[in-house]
Amino acid sequence: MKQLIIIFSMLFFCSCSSEKVTAEKAYEGVNNYCHEMYDWSIAKDNPSIMNVMMGEESDSTYEVVFRSYTGATVSFYVNKTTGNTRMVEKVPLLNIENDAGTINLFDYLKKEE
């Protein structure tokens, strides 16, 4: 009985983490996060002053970049396997770059019904 419980537990945990992050999901999750966390009202009359776009891709991460109307950017480095996302804020005019925290991409993806 104990072995059966262990097997079911392993199957449950393995199936939960098997969802791979695609480029589309990386963009969707970061875009949802940015629209929830940043004030887009300034871009109402001129939407081109703020945007979210795909950046570079490596073997393990997707980069998604948010550009603010101020010229600052936040690069989101999305782990393709886990969805864990590291954020790096850059202010080019002041030559400043700071770690801005982490999020889990899956917290910002719409659940499929």
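Everything discussed here concerns the structure shown above.
Residues numbered from 1 in each chain as written. Predicted model: local features only at pLDDT ≥ 70, side-chain atom pairs only at ≥ 80, totals over all residues. Heavy atoms only, no water.

### Focus: the nonpolar core
Condition: Nonpolar core, defined: a set of buried Ala, Val, Leu, Ile, Met, Phe, Trp, Tyr and Cys residues in which side-chain atoms within 4.5 Å join the residues together. Partly exposed residues are those whose accessible area sits between 20% and 50% of the maximum for their type, while under 20% is buried and over 50% is exposed, using a 1.4 Å probe and protein chains only. Comment: elements are numbered from the N terminus, with helices defined as DSSP H or I runs of at least four residues and strands as E runs of at least two.
Within the largest apolar cluster, 20 residues are counted, with the highest numbers of intra-cluster contacts made by Val 30, Tyr 33, Cys 34, Val 52, Phe 66, Phe 76 and Val 78. Looking at this core, the elements with two or more residues in it are α2 (23–37), β2 (61–67) and β3 (73–79). With four residues, α2 is the single largest residue contributor to this core.

### Quick word on the side chain of Ser 68
Test applied: Two residues form a contact once any of their heavy atoms are found within 4.5 Å.
Inspection of the secondary structure puts Ser 68 in the loop between β2 and β3. You can call Ser 68 buried: its relative accessible area is 11%. Discounting residues that sit within four places of it in the chain, Ser 68 has contacts with Ile 49 and Met 50.

### Observations regarding the pairing of strand β1 (residues 51–57)
A regular strand places its side chains on the two faces of the sheet in alternate fashion. The criterion, for reference: By definition, two strands form a pair when at least two bridges between them are found by DSSP.
In this sheet, β2 lies alongside β1 in antiparallel orientation, the contact comprising five bridges. Looking at β2, one finds that Met 53 is bridged to Val 65. The hairpin formed by β1 and β2 contains three residues between the paired strands.

### Topic: the packing of aromatic side chains
Heads up, the condition is: Stacked, tilted and edge-to-face are the three classes assigned to paired rings of Phe, Tyr and Trp, where Trp is represented by its six-membered ring and a pair needs centres within 6.5 Å; plane angles under 30 degrees give stacked, over 60 edge-to-face, the rest tilted. Note on criteria: charge over ring means Lys NZ or Arg CZ within 6 Å of the ring centre, with the direction from the centre no more than 35 degrees off the ring normal.
One pass over the full model with this rule turns up five aromatic pairs. An angle of 90 degrees between the planes, with centres 5.1 Å apart, marks the rings of Tyr 33 and Tyr 108 as edge-to-face. Of this pair, Tyr 33 sits in helix α2 while Tyr 108 sits in the segment after β5 (96–104), and the two are 75 residues apart along the sequence. On the accessibility criterion, Tyr 33 (9% relative accessible area) is buried. For Tyr 108, a relative accessible area of 19% corresponds to the buried category. Between Tyr 38 and Phe 66, the aromatic rings sit 4.4 Å apart at their centres with planes inclined by 5 degrees, giving stacked as the arrangement. Remark: Phe 66 occurs in strand β2 and Tyr 38 occurs in the loop between α2 and β1; sequence separation between them is 28 residues. A network of ring pairs unites the aromatic residues Tyr 33, Tyr 38, Trp 40, Phe 66, Phe 76 and Tyr 108 as a single cluster. Of note, Lys 80 hangs over the ring of Tyr 62, and the distance from its end group to the ring centre comes to 4.7 Å.

Read these as layout, nothing more, since geometry by itself doesn't imply function.
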